[in-house]
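In case you want the letters, here they are:
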Amino acid sequence: MALLQIAEPGQSQAPHQHKLAIGIDLGTTHSLVATMQSGLPRVLPAEDGSFLLPSVVRYLADGAVVVGEAARQAAASDALNTLVSVKRFMGRGLEAAHQLGDQLPYELVMHDNGMPYFNTIAGLKSPVEASAEILNVLRVRAEAALGGDITGAVITVPAYFDEAQRQATKDAATLAGLKVLRLLNEPTAAAVAYGLDQQHEGIHAIYDLGGGTFDISILRLHQGVFEVLATGGDSALGGDDFDHAIASWIMAGAGIVNPDAEIQRRLLQTSRRVKEALSARDSVPLSLAAGTGGAPADWQATLTREHFESLIAARVDDTLKACRRALRDAGLKPADLSEVVLVGGSTRVPLVRRRVAEFFGKPALDHLDPDQVVAVGAAVQANILVGNKPDSDLLLLDVIPLSLGLETYGGLVEKVVPRNTTIPVARAQEFTTFKDGQTAMSLHVLQGEREMVSDCRSLARFELQGIPPMVAGAARIRVLFQVDADGLLSVSAEETTSGVRAEIVVKPSWGLQDDDILRLLRESQAAAVQDMQARALAEARAEAERLWIATEAALAQQGELLSASELAELQAAVQGLKALAIADDAAAITAAAEALNHASETFAARRMDAGIRQAFTGKTLTDFEEH
Ligand code: ADP
Ligand code: MG
């Protein structure tokens, strides 16, 4: 119920000054909404008092949509029309979606727009539409609890979400009638919820293991300001994998082969209950009557915590490997960290806590509810962004996961914004034309750590046209990379002497998976030496080509300045360089280029003399004195 604001005449309380702002944790497994009231965070419950909204959307034949616990209940019986883990599909192309879809019982269809849709009884539904249904329930919940329209929302995303995934999340929010104040990385939100900025200076690790995603972030807190030093993780690793491990164990034990979609779903639900019970108990008994779940005979067994731990140990170790990589990216050792924060329901698993504490050499902070910290942090941030705390100086800096750059001559990548640069960021770099009279330049935007274009991921291509013809190297093309606070990239190019401009906003049609990011990083480390050689070779070739083009142009114009033998010598040097440039020996190409430079010295001197003579021709000395 909304409260009336009562104010003395002349002492207006400006009743609408406090704007309603919410923070939403749009999770793979659960979603929740929080707000700030009288300076304190409050997670908003549903009518039945529950805080966690299962991120499950069920489509019915009559077009009605069911979201949350009721949908989850129906997941086993109506698997095809009940979408779980829809977050995993956000911003992904058909190929990636099919890979995910293999583990889930959906029928994926390629839409005319090139994106994958779920074929449900109510028609084709996109991951964005399904997420919008979840967000809509949370918006309605917040409006009912707060008694008014919501001014804006901060929505959290995994730190590793790429451009397409972030854009898809924004689209879903817009579809749900929410104004997105900002997208915020989940681990960053957790750090805000713990108020680490006010309590501790230092470097902290945020370990977030949810149902479907794992994120590790290394944050530095300095004078109340957060900086994300490094992020890492895996968007396909979480408590769901623990459920699958138990389900496989049950299937092997009970002799279940090729379960259909509904049995699979039931097995997973049972496995999840068993897993969650094992966080508090040492063992859980299980039994299946013959026939149920496809079991050929009666089956009884007990899963001990110890055995469960052996089933998931490798996956837990995978999270620690990602932690090690993130630390290495930040140039840190575990001992450099002041605090470790646990986030996500799966950090309730005792083995996870033990291994994390061992790895970092200290027990983790866990006094806030690991389910709620992300939404609470988002609410704190939303409250500041709508201006309810004008004196606040909280600044959140996130980083880009992979370097962004442009293709340059010779198939090389020029990095413009290096990996782990904090966002928002704007970086400009100048490029120039390679050939005389070049009037167009094609720009190829790339993402990745490697030196060669073929080893990086292509994000977009566009053309800058209408460059006035000039000699090679005279045009000044200023390319500006801008990554906004949500991690969306736009690139513009401008020829500064003429003002010709072209621009592109990069929205790749599908996302890069975390595995891809990790693979690209690993490859770039492994290939560093090879890449340096490749770069040296490409640079030597580009320089050689520039040189012979310039020499040939000069010969065409003023070859008559040379004697026949001098001309022959120079042409031979050009041919020698061209022949060598095809081979893979950078040093030899450079030597041949130097030889050509040397051979053309006389020629250059004569051209200069000729140029001076030409300038004087027909002019008297006084002409020059006057000017
Ligand atoms: P997400 O961020 O992916 O939505 P959550 O942070 O809500 O995920 O975590 C959900 C995961 O946490 C599920 O896999 C769930 O089974 C697991 N989980 C919740 N409670 C427990 C528990 N007591 N023990 C083990 N796992 C738990
Ligand atoms: Mg989460």
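Every value quoted in this text rests on a predicted model; they were computed, and no experiment measured them. (Residues numbered from 1 in each chain as written. Chains lettered and ligands numbered in written order. Predicted model: local features only at pLDDT ≥ 70, side-chain atom pairs only at ≥ 80, totals over all residues. Heavy atoms only, no water.)

Asks: For this particular structure, what's the right way to read the overall build of the protein?
Replies: For the protein, the helix and strand inventory stands at 17 helices and 28 strands. Counting across all 627 residues of the protein, residues that qualify as buried make up 51%. A fraction of 67% describes how many contacts in the protein between residues 6 or more apart in sequence connect residues 24 or more apart. About 28600 Å² of surface is accessible on the protein, with carbon and sulfur atoms providing 52% of the total. (Helix = DSSP H or I, 4+ residues; strand = E, 2+ residues; numbered from the N terminus. Buried < 20%, exposed > 50% of the residue type's maximum accessible area, 1.4 Å probe, protein only. Contact = heavy atoms within 4.5 Å. Areas by Shrake-Rupley, 256 points an atom, 1.4 Å probe, with all protein chains shown as cover.)

Asks: How should I be thinking about helix H2 (residues 94–101) in this particular structure?
Replies: The α-helix winds at 3.6 residues per turn, so residues separated by three or four positions along the chain end up facing the same way. Within H2, burial applies to Ala 96, Ala 97, Leu 100 and Gly 101. All buried residues of H2 fall inside an arc of 140° around its axis, so they share one side. In this structure, the buried residues of H2 make contact with strand S8 (108–110) and strand S9 (116–120). (Arc of directions from axis to C-beta.)

Asks: Would you mind going over the sheet that holds strand S21 (residues 412–417) with me for this structure?
Replies: Strands in a sheet are paired, the pairing made by backbone hydrogen bonds, and the direction either parallel or antiparallel. Strands sit in the order S21-S20-S24-S25 across an open sheet of four strands; the sheet is antiparallel. The sheet is open, and its two edges are formed by S21 and strand S25 (457–465), each paired on a single side. Neighbour-to-neighbour, the strand axes of the sheet open up by a mean angle of 30°, direction not taken into account. Relative to S25, strand S24 (residues 440–447) runs antiparallel, the two being bridged by eight bridges. Following the sheet pairing, Val 445 is matched in S25 by Ala 460. (Pairing = 2+ DSSP bridges. Axes fitted to C-alpha atoms, helices over the stretch in contact; angles between N-to-C directions.)

Asks: I'm lost on the confidence of the model for the protein in this one. Help?
Replies: Caution applies to low-pLDDT regions: their predicted coordinates should not be interpreted in detail. On average, residues of the protein carry a pLDDT of 83, and 86% of them reach 70 or more. Scored below 50 in pLDDT, residues 508–514 shows 33 contacts in the model against residues more than four places distant or in partner chains. In this model residues 615–627 is a low-confidence stretch, pLDDT under 50, and it forms three contacts with partners more than four residues away in sequence or in other chains. (pLDDT = per-residue confidence, 0-100.)

Asks: Explanation requested: the site of ligand 1 in the structure shown.
Replies: Not every one of the 17 residues close to ligand 1 is listed here, only the nearest: Thr 29, Gly 211, Lys 275, Glu 276 and Ser 279. Contacts to ligand 1 include His 30, whose side-chain N or O atom sits 2.9 Å from an oxygen atom. In the model, an oxygen atom of ligand 1 is placed 2.9 Å from a nitrogen or oxygen of the Gly 345 main chain. Bound to the protein, ligand 1 loses 90% of the 580 Å² it would expose on its own. Considering every element that reaches the shell around ligand 1, the biggest residue donor is helix H8 (residues 261–278), with three residues. Counted by class, the shell around ligand 1 contains one nonpolar, twelve polar and four charged residues. (Near = heavy atom within 4 Å. Polar contact = N/O pair within 3.5 Å; in protein donor to acceptor, adjacent residues only side chain to side chain. Nonpolar A, V, L, I, M, F, W, Y, C, P; charged D, E, K, R; others polar.)

Asks: Could you clarify how one ought to interpret the nonpolar core in this entry?
Replies: If you look at soluble globular proteins, the nonpolar side chains tend to sit buried side by side. The biggest cluster of nonpolar side chains holds 46 residues, and the ones touching the most others in it are Tyr 207, Ile 216, Ile 218 and Phe 360. The element that contributes the greatest number of residues to this core is helix H9 (residues 305–329), accounting for eight residues. Apart from residues lying up to four places away in sequence, Phe 360 is in contact with Ala 205, Ile 216, Cys 323, Leu 327, Pro 334, Leu 337 and Val 340. Membership of the second largest hydrophobic core comes to 43 residues, among which are Leu 26, Val 56, Val 84 and Tyr 106. (Core = buried A, V, L, I, M, F, W, Y, C linked by side-chain atoms within 4.5 Å.)

Asks: Just to check I follow, could you spell out the sheet that holds strand S5 (residues 57–59) for this structure?
Replies: Pairing within the open sheet is antiparallel, and its three strands lie in the order S6-S5-S7. In this open sheet, the two strands that pair with only one neighbour each are strand S6 (65–67) and strand S7 (82–83). Of the pairings in the sheet, the one linking S5 to S6 comprises three bridges and is antiparallel in character. What sits directly across from Val 57, in S6, is Val 67. Contacting S5, S6 and S7, helix H3 (residues 127–146) crosses the sheet at an angle of about 115° to S5.

Asks: Explanation requested: the pairing of strand S18 (residues 339–343) in the structure shown.
Replies: If a strand is regular, its side chains alternate between the two faces of the sheet. Counting buried positions along S18 gives five out of five residues, so the element sits mostly inside the fold. Going residue by residue along S18, you find Glu 339, Val 341 and Val 343 tucked away on one face and Val 340 and Leu 342 tucked away on the opposite face as well. Here strand S13 (residues 202–209) runs beside S18; their pairing, made up of five bridges, is parallel. Paired with His 204 across the two strands is Glu 339, which belongs to S18.

Asks: In this structure, what is going on with the packing of H9 against helix H10 (residues 350–360)? I would like to understand it.
Replies: The angle between the axes and the distance between the axes are what describe a pair of packed helices. Here H9 crosses H10 at 35°, and the two axes come no closer than 9 Å. Handedness of the crossing formed by H9 with H10: right-handed. Contacts between H9 and H10 involve Arg 305, Glu 309, Ile 312, Ala 313, Val 316, Asp 317, Leu 320, Cys 323, Arg 324 and Leu 327 from the first element and Pro 350, Leu 351, Val 352, Arg 354, Arg 355, Val 356, Phe 359 and Phe 360 from the second. (Left-handed = near helix turned anticlockwise from the far one by under 90°.)

Asks: What should I look at first to understand unusual backbone geometry in this one?
Replies: In terms of backbone geometry, most residues other than glycine have negative phi values and most peptide bonds are trans. Of note in this structure, Ser 85 is not a glycine but carries a positive phi near 50°. Secondary-structure assignment places Ser 85 in the loop between S7 and H2. We classify Ser 85 as buried; its relative accessible area is 10%. The phi angle at Asn 258 is positive, at roughly 45°, despite the residue not being glycine. Looking at Asn 258, the relative accessible area reads 72%, which means it is exposed.

Asks: Got a minute to help me understand the pairing of S9 in this structure?
Replies: Counting buried positions over the five residues of S9 gives four, a clear majority of the element. Hairpin connection of S8 to S9: five residues between the antiparallel strands, including Gly 114 at a positive phi of 85°.

Asks: Looking at this structure, how should I read the packing of aromatic side chains?
Replies: The way to describe two aromatic rings as a pair is by their centre distance and the angle between their planes. Tallied over the entire structure, the rule returns eight aromatic pairs. Their ring planes at 75° and their centres at 5.2 Å tell us that Tyr 106 and Phe 118 sit as a pair that is edge-to-face. Of this pair, Tyr 106 sits in the loop between H2 and S8 while Phe 118 sits in strand S9, and the two are twelve residues apart along the sequence. Taking relative accessible area as the criterion, Tyr 106 reaches 10% and is therefore assigned buried. On the basis of relative accessible area, Phe 118 is assigned to the buried category, the value being 1%. Within the aromatic cluster, the residues linked to one another by ring pairs are Phe 89, Tyr 106 and Phe 118. (Phe/Tyr/Trp six-rings, centres within 6.5 Å; stacked < 30°, edge-to-face > 60°.)

Asks: What should I look at first to understand the pattern of salt bridges in this one?
Replies: Side-chain pairs of opposite charge can arise where the charged atoms are in close proximity. In this structure the tally under the stated criterion is 22 salt bridges. Two residues, Lys 87 and Glu 186, come together in a salt bridge whose shortest N-O distance is 2.7 Å. With Lys 87 in the loop between S7 and H2 and Glu 186 in helix H5 (residues 186–193), the pair connects residues that are 99 residues apart, well separated along the chain. Classification of Lys 87 as buried rests on a relative accessible area of 9%. Glu 186 gets classed as buried once you look at its relative accessible area, which sits at 4%. Overlapping salt bridges bring together Arg 315, Asp 318 and Lys 321 as one network. (Salt bridge = Lys/Arg side-chain N within 4 Å of Asp/Glu carboxyl O.)

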